[in-house]
Amino acid sequence: MALEHVRTWTLVFGVGVVVGIVAARFWPQTPAHAVATDRGQNFAICTGPVDAGVEAFFFLDFLTGQLKGAVLSNQTRNFQTVYEANVFADLTTVIQAKNAEIAQANAQLRRTGAPPRPEIQIPQSPNYLMVTGVADIRRGPSVGVRPGQTMLYVAETNTGIVLVYMVPWSPERHSANQPFATPLQLWAAEQFSSVVLRTE
């Protein structure tokens, strides 16, 4: 009786393993993308995929606003692709544009007697958060520089403004190990919180 019970469970387990293996073979494969993010008092770092099996590294200096990135060579012990942007300069440009919109809105509010909206102050001591995300941007022709798989999101906490950078990518240059230096492209910017507005 006990032996018959063991045989039954062994058969059920064996059938379950076979069904699992067959199902896994035909199940759609979804690649996993692991990214890393960390920050210190005056800088932040993160990683993000730019292509299948290729990752970029980004470093943001809070004091200067310089954002730099790089992709390792697949043939030598150095960086093959390098990126750069000035987050503080881009943030200042976005704030100036937002303040122009606020000034127009305030002109209309004055006619109704409603209180005006405060302008956004350019932070004297910017505080940033930085993460990457995957985006399927329309890539156009398959040859040449195109958007990589990663978008870089930089939030400035004093203003609530988030800057989004597109990461240019050239798989042909990477495969040929040709040095490639290009600026990160400011793709979008928006203020997601106005509660934190303050003059420092």
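Predicted, not measured: the structure shown is a model, and the values here were computed from it.

> Can you break down the overall build of the protein chain residue by residue, with the values?
Secondary structure assignment for the protein chain yields 3 helices and 10 strands. If you list the helices and strands of the protein chain from N to C, you get α-β-β-β-β-β-α-β-β-β-α-β-β. Burial statistics for the protein chain: of 200 residues in total, 34% are counted as buried. Restricting the contact set of the protein chain to residue pairs at least 6 apart, pairs at least 24 apart contribute 52%.

> Describe the sheet that holds strand β9 (residues 180-183), naming the residues involved and giving the relevant values.
Pairing is mixed across the open sheet formed by 6 strands, whose spatial order is β1-β2-β3-β4-β5-β9. Strands with a single pairing partner mark the edges of an open sheet, and in this sheet they are β1 (37-39) and β9. Neighbouring strand axes in the sheet, compared pairwise and without regard to direction, differ in orientation by 20° on average. Here 7 bridges tie strand β4 (residues 66-72) to strand β5 (residues 79-86), and the two strands are oriented antiparallel to one another. Across the sheet, the residue bridging to Gly69 is Tyr83, located in β5.

> Quick one: what's the story with helix α2 (residues 87-112), residue by residue and with numbers?
Here α2 is 26 residues long and its end C-alpha atoms lie 37 Å apart, about the 38 Å a rise of 1.5 Å per residue gives. All of the buried residues along α2 are Val87, Leu91, Thr92, Val94, Ile95, Lys98, Asn99, Ile102 and Asn106. Looking one or two places after α2, you find Gly113, whose phi comes out positive at around 85°.

> Pulling in residues and values, what's your account of the pairing of β5?
In textbook terms, the turn of a hairpin is the stretch between consecutive antiparallel strands, and for β4 and β5 this stretch comprises 6 residues. Bridge analysis of β5 against β9 gives 4 bridges, and the strand direction is parallel. Within β9, the residue paired with Val82 across the bridge is Ala181.

> Describe the sheet that holds strand β6 (residues 128-134), listing the residues and the values that go with them.
Read from one edge of the open sheet, 4 strands run β6-β7-β8-β10, paired in antiparallel fashion. Across the chains shown, the open sheet's two edge strands, defined by having one partner strand only, are β6 and β10 (185-191). Neighbour-to-neighbour, the strand axes of the sheet open up by a mean angle of 20°, direction not taken into account. Alignment of strand β8 (residues 161-169) against β10, held across 6 bridges, turns out to be antiparallel. Its bridge partner lying in β10, Val164 is registered against Ala188. Seen against the sheet, α2 touches β6, β7 (146-156), β8 and β10 and runs at an angle of roughly 130° to β8.

Criteria and cut-off values
- Residues numbered from 1 in each chain as written.
- Predicted model: local features only at pLDDT ≥ 70, side-chain atom pairs only at ≥ 80, totals over all residues.
- Heavy atoms only, no water.
- Helix = DSSP H or I, 4+ residues; strand = E, 2+ residues; numbered from the N terminus.
- Buried < 20%, exposed > 50% of the residue type's maximum accessible area, 1.4 Å probe, protein only.
- Contact = heavy atoms within 4.5 Å.
- Pairing = 2+ DSSP bridges.
- Axes fitted to C-alpha atoms, helices over the stretch in contact; angles between N-to-C directions.
- Expected span 1.5 Å × (residues − 1).

What is shown is where atoms sit, not what they do.
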